[in-house]
Amino acid sequence: MSELMKVEGLRFSWGDNLVIDSVDFAVKENELISILGKNGAGKSTLLKCLNKILSPSQGKILIHGEDVTELDILTTSKKMSYVPQSITSNFSMDVFDVVLLGRRPYINWSVGENDRNIVSKTIDRMGLSSFAFRRFDRLSGGEKQRVIIAKAVAQDPDLFLFDEPTSDLDLKNQIEVMKELRKIVSEENGKAAVIAIHDINIASRFSDRIILLHEGEIISNGKPSDVLTPENIELVFEVTSRQVMGEDGILRIVINDEITREK
Amino acid sequence: MDHLSRKYEDKNRDHVLKIFLLGLSTIIIAIFALGQGSSVNLDMLTVAKILLQIEEGNEIQRLILWEYRVPRVVFAIIAGTGLAVAGALMQGALGNPLVSPLTLGVASGAALGAALAIFLDLTFVSELLSILWTGLTAIIPIVPVISFVGSDLVLNAFFFALFVVYIIIKLGSVRGVTAESYILVGIAITFIAGAIVQTMVYFATAEELSQLTHWSFGSLARVDSREVWIIGGAVIILIPKALEWSWDLNSLSIGGDEFAISTGVDPVATRKKILILSSLLTALIIAFTGMIGFVGLAAPHMSRLIIGNDYRKLIPCSAIFGALLMLIADTIGRTVIAPVVLPVGLMLSVVGGPLFIYLLLTNRGHH
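To keep things clear, this report deals only with the structure shown in the data block. Owing to the predicted nature of the structure, the values given are computational and were not obtained by experimental measurement.

Calculation notes
- By convention here, each chain's residues receive numbers from 1 onward along its written sequence.
- Just so you know, chain letters begin at A and ligand numbers begin at 1, following the order they were written in.
- Side-chain atom pairs in this predicted model are given and counted only at pLDDT of 80 or more, local residue features only at pLDDT of at least 70, and totals for whole chains, interfaces and linings cover all residues.
- Helix and strand labels come from DSSP, where a helix needs a run of H or I of at least four residues and a strand needs a run of E of at least two; each type is numbered from the N terminus.
- Each radius of gyration reported is based on C-alpha atoms, and the globular scaling rule is 2.2 Å times the count of residues to the power 0.38.
- Working definition of burial: number of other C-beta atoms within 10 Å of the residue's own, with buried at 20 or more, exposed at 12 or fewer, and partly exposed in between, all C-beta atoms being placed from the backbone.
- Contact definition: two residues whose C-beta atoms, as placed from backbone geometry, lie within 7 Å.
- Just so you know the grouping, Ala, Val, Leu, Ile, Met, Phe, Trp, Tyr, Cys and Pro go in nonpolar, Asp, Glu, Lys and Arg go in charged, and all remaining residues, Gly too, go in polar.
- A pair of strands counts as paired when DSSP detects no fewer than two bridges linking them.
- Only the contacting stretch of a helix is used when fitting its axis, a line to C-alpha atoms as for every element, and angles between N-to-C directions run 0 to 180 degrees.
- We call a set of buried Ala, Val, Leu, Ile, Met, Phe, Trp, Tyr and Cys residues a nonpolar core when their C-beta atoms link them within 7 Å.
- Angle categories: roughly parallel below 35 degrees, roughly antiparallel above 145, roughly perpendicular from 65 to 115, and oblique for all the rest.
- When the near helix sits turned anticlockwise from the far one by under a right angle, the crossing is termed left-handed; a clockwise turn instead gives a right-handed crossing.
- Multiplying one less than the number of residues by 1.5 Å gives the expected span of a helix.
- By definition, a residue's bend is the angle between the axes fitted to the seven residues ending there and the seven starting there.

A word on the overall build of chain A
The secondary structure content of chain A amounts to nine helices and 12 strands. Its C-alpha atoms give chain A a radius of gyration of 19 Å, within 12% of the compact-globule value 18 Å for 263 residues. With the C-alpha coordinates aligned to their principal axes, the bounding extent of chain A is approximately 55 × 40 × 40 Å. Out of the 263 residues belonging to chain A, those deemed buried represent 43%.

Focus: the interface of chain A and chain B
A common way to state how big an interface is: give the accessible area lost once the parts meet. Taken residue by residue, the interface counts 30 residues in chain A and 26 residues in chain B. Of all the secondary-structure elements, those providing two or more residues to the side of chain A that touches chain B are α2 (73-79), β6 (80-83), α3 (95-100) and α4 (113-125) of chain A. Sort the elements by how many residues they give to the side of chain A that touches chain B and α4(A) lands first, with four residues. Its residues assigned to classes, the side of chain A that touches chain B comprises 16 nonpolar, 10 polar and four charged.

Re the sheet that holds strand β1 (residues 3-14) of chain A
Sheet strands associate in pairs through backbone hydrogen bonding, adopting either a parallel or an antiparallel arrangement. Residues and elements named next belong to chain A. Strand order in this open sheet of four strands is β2-β1-β4-β5, and the pairing throughout is antiparallel. The open sheet is flanked by β2 (17-28) and β5 (66-67), the only strands paired with a single partner. Where strand β4 (residues 58-63) and β5 come together, two bridges link them in antiparallel fashion. In the sheet register, Ile63 faces β5, and the bridge partner there is Glu66. Packed on one face of the sheet, helix α1 (residues 43-50) meets β1, β2 and β4 and runs near 60 degrees to β2.

Observations regarding the nonpolar core
Residue and element names in this part refer to chain B. Counting residues in each nonpolar core, the largest one holds 181 residues, and the members touching the most others are Ala110, Ala161, Ala283 and Met326. Top contributing element to this core by residue count: helix α3 (residues 59-94), with 17 residues. For Ala283, the contacting residues outside a window of four places in its chain are Val106, Ala110, Phe158, Ala161, Leu162 and Val165.

Some points on the pairing of strand β3 (residues 32-36) of chain A
Residue and element names in this part refer to chain A. The element β3 is extensively covered by neighbouring structure, given that five of its five residues are classed as buried. Residues Leu32, Ser34 and Leu36 of β3 are buried on one face, and the alternating residues Ile33 and Ile35, pointing to the opposite face, are buried as well. In this structure, β3 lies alongside strand β8 (residues 192-196), joined through four bridges in parallel fashion. Within β8, the residue paired with Ile35 across the bridge is Ala196. As defined by bridge partners, β3 adjoins strand β9 (residues 209-214) across four bridges and the pair is classed as parallel. Across the sheet, the residue bridging to Ile33 is Arg209, located in β9.

A closer look at unusual backbone geometry
Residue and element names in this part refer to chain A. Even without glycine at this site, Ser22 takes up a positive phi of about 35 degrees. Along the chain, Ser22 falls in strand β2. For Ser22, a count of 14 C-beta atoms within 10 Å corresponds to the partly exposed category. With phi around 50 degrees, His64 is a residue other than glycine that occupies positive phi space. Structurally, the position occupied by His64 is in the loop between β4 and β5. Owing to 14 C-beta atoms within 10 Å, His64 belongs among the partly exposed residues under this scheme.

Structural notes on the packing of helix α10 (residues 225-244) of chain B against helix α12 (residues 267-289) of chain B
Residue and element names in this part refer to chain B. Two elements in contact, α10 and α12, have axes separated by 10 Å at closest approach and are oriented at 165 degrees. One element, α10, and the other, α12, form an angle in the roughly antiparallel class. Here α10 and α12 pass one another in a crossing that is left-handed. Judged by residue contacts, Glu227, Ile231, Ala234, Val235, Leu238, Lys241 and Ala242 of α10 engage Leu277, Leu280, Leu281, Leu284, Ile285 and Phe288 from α12.

Points about α3(B)
All names here are of chain B. Taking 1.5 Å as the rise per residue, α3 with 36 residues should run 52 Å; its terminal C-alpha atoms sit 51 Å apart, in good agreement. Taken as a whole, α3 carries its principal kink of about 40 degrees at Arg69; the proline Pro71 stands between one and four residues after it. Directly after α3, the chain includes Gly95, whose backbone phi takes a positive value near 60 degrees.

Given below as structure tokens:
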């Protein structure tokens, strides 16, 4: 597996408030990485730095060996796509048109057959056909979230950057969306995903690797079973836990129902 | 073609048909409007025949038609088109449905210019131009042909409107400028310009007051035929430019700044270029017409109700709706108590306002 993205010595601060401090990691092709950490740990900020929404104060981000600061915004959007948790706007469009915006980097003015087909297939694949021509602003939170994920899939970037892609989804949709993303990353050549997420079990089940972020620094980076140890979880989330290996071979983290530290 | 693609194509075809029908009704109403006036009324067939030179018509008919009504109707179409497109662009770039061409303060700048010309006789713009032109005519003999567009009043209004456009350009280069900054600065400019005008009004004579009031009504009567073609030419150059940016506007207006970046659109640069273009369009028209704001708010929304928010269709549809609203309002204004001609700005609000409210209330949630 060759290296898709490399991040070296990344630092970002809002004024004097250091949010991300000397973060280094690499993303290989066909790899799905989850970033875990408590609220305010810098997960979203990190993703936004990667996609150039925010400019880091220090450090280097390379995609396929190229420095992202050298790439123009259109080229960047063909290589990676950031997916926010939700979008709110005063104007709306049909779901089909919103997913079509994923093809914006490739469309000059009129929508060609190829772009239209990609959108149509993506809508079908992500299970949105039944409301493809409903207005986006009339959808439920979960439906909206699936639509903006579909938009990113239609964009066909090498690297997906998801900010809590399952936060608004019910249990069944969480699993289905993650399965679909896992499939895209594993089966399509040269793709990868970095996902900021809160659900540690979803993360451990679908990720190749987990990056644990604490106060802007990476404190652990590796296989889910190596990272999600009771010690690490207690350090970051301040709760006790244990690892349980199910008969199905899936690692589960069970959180004990107590808060270990008084604030 | 799969069924989703087919449905998408059907929807687009339906929208294009609606835009086409709207355009057709605008042409028909324009021909009707050409026949209506305070002196000579002509039926549509006669108008069409004289225009197409199938029939000669008598000299008075030809004179009234070509010298008075054609420029006026064409200007109504141009002004309606330009203001409606400017409104649609500003709403999208600022992600705010309450925005109209008056929001950014361009029109207030124009009003200040007009007021300075009226009250203080400050017409340095035209004086400066006349010096420039005298110099230029010595070098380039063709300049007199295009010289002296507009009265002192209009030139002053245009100059001050351009000054506001300049502020908008400067604002666009400030780091961290957001959609809200533009709106707030626009409101501030409106307050400042308004206060200066009010101060002059406080000391004004009755005649000066009446002049300013007339300017602020919003009227199509202040242009001659040569100016109509010049403004029209500028509008025709600017609108296709806006169409080119349709996808950028779609991404920005639907998803906001971060979403726009993820689709390869630079929100700051996009907002800047679109606001410059739309405020230029506004300045160009408002300087000649005076305060006309409603068409720039209503026409884009009426279009959104009919064809949705895809700017590739929204820009042409708003343009046509703007022309249509302006034509209807002006024709009513010219005929309802003829020979008195009511200013189009008043008629637009009186006729268009209730129609707009009706459409909004009956179409909530559909398009």
